[in-house]
Amino acid sequence: MGDVKGDFSAWFQSVADTDERYPLDEVIYKSKDGHLLEVCHDLEALKKVPAEKWKRHFEKRSRRTEWPYGSGVWGKKEWVLPGIDPKNVVSMYEGHTNLFWADRYGAQIGLDDLWIKQCGNTHTGSFKDLGMTVLVSMVKQMISRGKDIPAVACASTGDTSAALAAYAAAAGIPAIVFLPRGKVSVAQLIQPVANGAIVFALDTDFDGCMEIVQQVAEKDGIYLANSMNSLRIEGQKTVGIEIIEQCDWKVPDWIVIPGGNLGNVSALAKGIDMLIDLGLITKKPRIVCAQAESANPLYLSYQRDFEVYEPIAARPTLASAIQIGNPVSIDKAIDALKRYDGIVEQASETELAEVCARADRTGLFNCPHTGVALAAMEKLVKRGQIKRGDKVVVISTAHGLKFVDMKVRYHEMTLEGIVSENPNPPIELPARYEAVRDEMLRQIETRFGC
Ligand SMILES: *Cc1c(COP(=O)(O)O)cnc(C)c1O
């Protein structure tokens, strides 16, 4: 891919002190005074390439086979991890997930231009692949250059561990995952099990697992793969770039995203920042971060204009991947929301379950986190903040098939505390034509009125 040339570079930098810098192959997660680090790029070098040229460059690589640029993440390698040797990239050609017009669902709720970015249509079924390809590639490069890294580890509400296990297995690097016992779906648990990770199910919640993984990182030299490690954010930030590319470089009015540990909302903003800094776009979308009411520390802070923030003890939610009371990326997320005229909204268990079911009836197949995002969006539409003609993109974070337990219980009407307004359980009948015909005709008439 010879047509874009430059001396591109990136490094870790403290979010509080721009002079505190580290190379990306150093094992470090926080600054001296305990702030998160972020990956910074030499924007001056990137700016030497005209905006139009970047656009054509990205479009040309898209979905092609030349290693590793066919990946949605690595097609933007210069903006992500310019210093990685392509032979150290560990990729499943993630990204390039479909962005589609949800016209029927949109019409039902009063939106003409609603789009869903289906980030779950990817190797391990969630957007976590975007970040993990970057992190595991960096680890592979460090190991190949003689760094002593015995294993990579993460605490997870399910999807992070699935992605880590898959990418580590693809690279032949040992992976360790810490899951809260009984709090992840069967599909999420079986992925790291099948990929050969060392899987610990601990009697605690996500925040408890997070404490353990930080200890093994600190005391035993295990490489930390949680989103506190800002290499993941570099991969995840491509979602914002990709959405705008898929909108033919026209910026939508709103992007709605569910948030738990809040790495992804920060990443979304970081990707769009680069588009603005490098002149590919001029307008900013507004960002809406959606939280489950049971795990809403950001929402509570937003209610008080972000002037105070307190971690909470997250209560159980069907949106298990965002059941987080003490989000690691809180500061980055608040900063992002302030810069993108952001709104934080929340959804109750009933709201998220009913919105999922209703939207599924129009052909979607939503995970509960996407349900949280859709429910939040519907509230903003009802309040008149999002207008009928606005272009809205909702980031669907995982594939619905990873969360079938919740859907099964919804349609069986066994979800605790939820009525199930639109259940559609299978109809059990003897295998007799007359019985089937009578019931079939009755169903067609009651459902479709014809
Ligand atoms: C991880 C995850 C989220 C939350 O992302 P954060 O970066 O933790 O805010 C939302 N949905 C799904 C499906 C996830 O796996």
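Reading guide: rules and limits
Residues numbered from 1 in each chain as written. Predicted model: local features only at pLDDT ≥ 70, side-chain atom pairs only at ≥ 80, totals over all residues. Heavy atoms only, no water. Helix = DSSP H or I, 4+ residues; strand = E, 2+ residues; numbered from the N terminus. Rg over C-alpha atoms; globule rule 2.2 N^0.38 Å. Buried < 20%, exposed > 50% of the residue type's maximum accessible area, 1.4 Å probe, protein only. Salt bridge = Lys/Arg side-chain N within 4 Å of Asp/Glu carboxyl O. Contact = heavy atoms within 4.5 Å. Lys, Arg positive; Asp, Glu negative; His and termini not counted. Polar contact = N/O pair within 3.5 Å; in protein donor to acceptor, adjacent residues only side chain to side chain. Axes fitted to C-alpha atoms, helices over the stretch in contact; angles between N-to-C directions. Parallel < 35°, antiparallel > 145°, perpendicular 65-115°, else oblique. Left-handed = near helix turned anticlockwise from the far one by under 90°. Nonpolar A, V, L, I, M, F, W, Y, C, P; charged D, E, K, R; others polar. Near = heavy atom within 4 Å. Areas by Shrake-Rupley, 256 points an atom, 1.4 Å probe, with all protein chains shown as cover. Phe/Tyr/Trp six-rings, centres within 6.5 Å; stacked < 30°, edge-to-face > 60°. Lys NZ or Arg CZ within 6 Å of the ring centre and 35° of its normal. Right-handed = clockwise from strand over helix to strand, strands pointing away. Pairing = 2+ DSSP bridges.

A. Representation of the overall build of the protein chain. Helix and strand content of the protein chain: 17 helices and 13 strands. Taking 450 residues into account, the globule formula puts the C-alpha radius of gyration at 22 Å, and the protein chain, at 22 Å, falls close to it. Along the longest, intermediate and shortest principal axes, the C-alpha atoms of the protein chain span 70 × 50 × 50 Å. By the burial criterion, 59% of the 450 residues in the protein chain qualify as buried.

B. Looking closely at the pattern of salt bridges. Counting across every chain of the model gives 24 salt bridges. As a salt-bridge pair, Glu 78 and Arg 61 come within 2.8 Å of each other at their nearest N and O atoms. Residue Glu 78 is located in helix α3 (residues 77-80), and its partner Arg 61 is located in helix α2 (residues 51-61); the two are separated by 17 residues in the primary sequence. There is no split in this pair, since Glu 78 and Arg 61 are both buried. Several salt bridges share partner residues, and in doing so they unite Glu 52, Lys 55, Arg 56 and Glu 59 into one network.

C. Examining the environment of Leu 99 more closely. Its place among the elements puts Leu 99 in strand β4 (residues 99-101). Separated by 335 residues in sequence, Leu 99 and Glu 434 place their C-alpha atoms 44 Å apart. With residues near it in sequence (within four places) discarded, Leu 99 still touches Trp 115, Ile 116, Lys 117, Ile 243, Gln 246, Cys 247 and Val 393.

D. Examining the side chain of Lys 77 more closely. Looking at where Lys 77 falls in the secondary structure, it is placed in helix α3. The charged side chain of Lys 77 is buried without a salt bridge, its nearest counter-charge being Glu 78 at 6.8 Å. At a separation of 3.1 Å, a polar atom in the side chain of Lys 77 contacts the main-chain carbonyl oxygen of Pro 82. Here the side chain of Lys 77 touches Ile 84 through a polar contact of 3.0 Å, landing on its backbone oxygen. Setting aside residues up to four positions removed in sequence, Lys 77 forms contacts with Arg 61, Tyr 69, Pro 82, Ile 84 and Pro 86.

E. Seen up close, the packing of helix α11 (residues 263-277) against helix α13 (residues 330-339). At a closest axis distance of 8 Å, the pairing of α11 and α13 adopts a crossing angle of 50 degrees. By the angle class used here, α11 and α13 are oblique. Both α11 and α13 take part in a crossing whose hand is left-handed. Mapping the contact onto sequence places Val 265, Ser 266, Ala 269 and Asp 273 in α11 and Lys 332, Ala 333, Ala 336, Leu 337 and Arg 339 in α13. Split by residue class, the contact of α11 with α13 holds five nonpolar, one polar and three charged.

F. Fine view of the site of the ligand. Near the ligand, the surroundings consist of 14 residues, among which Lys 128, Asp 159, Gly 260, Leu 262 and Thr 397 are the closest. The separation between an oxygen atom of the ligand and a polar side-chain atom of Asp 159 is 2.6 Å. When the ligand is considered free in solution it has 380 Å² of accessible area, and contact with the protein chains removes 97% of it. Tallied by class, the residues present in the shell around the ligand amount to five nonpolar, seven polar and two charged.

G. Representation of the packing of aromatic side chains in the model. Counted according to the given criterion, the structure contains eight aromatic pairs. Summarising the aromatic geometry, the rings of Trp 54 and Phe 58 are spaced 5.7 Å apart at their centres and angled 25 degrees between planes, so their arrangement reads as stacked. On the criterion of helical spacing, the pair formed by Trp 54 and Phe 58 is a turn pair, its members being four residues apart in helix α2. In this structure Trp 54 comes out as buried when scored by relative accessible area, which is 0%. On the basis of relative accessible area, Phe 58 is assigned to the buried category, the value being 2%. Among the aromatic side chains, those forming a connected cluster through ring pairs are Phe 8, Trp 54, Phe 58 and Trp 79. The ring of Phe 58 is capped by Lys 76, whose NZ or CZ atom sits 5.2 Å from the centre of that ring. We note Lys 284 situated over the ring of Tyr 340; from NZ or CZ to the ring centre the distance is 4.9 Å.

H. View of the pairing of strand β11 (residues 286-292). With respect to burial, β11 is a largely interior element, six of its seven residues being buried. Since strand β10 (residues 254-258) and β11 lie parallel, the crossover through α11 that links them has a hand, and here it is right-handed. With five bridges joining them, β11 and strand β12 (residues 343-347) adopt parallel strand pairing. In the strand pairing of β12, Cys 289 is matched with Val 344.

I. The arrangement of the pairing of β12 in detail. Among the five residues of β12, five are classified as buried, and the element is accordingly described as predominantly covered. Alternating residues of β12 divide into Ile 343, Glu 345 and Ala 347 and Val 344 and Gln 346, and every residue in both groups is buried.

J. Region of interest: the sheet that holds strand β7 (residues 175-180). With respect to topology, four strands assemble into an open sheet ordered β8-β7-β6-β9, the strand pairing being parallel. Whereas interior strands pair on both sides, the edge strands pair on one side only; in this sheet they are β8 (198-202) and β9 (223-224). For β7 and β8, the ladder comprises five bridges, and the chain directions are parallel. The partner of Leu 179 across the bridge, within β8, is Ala 201.

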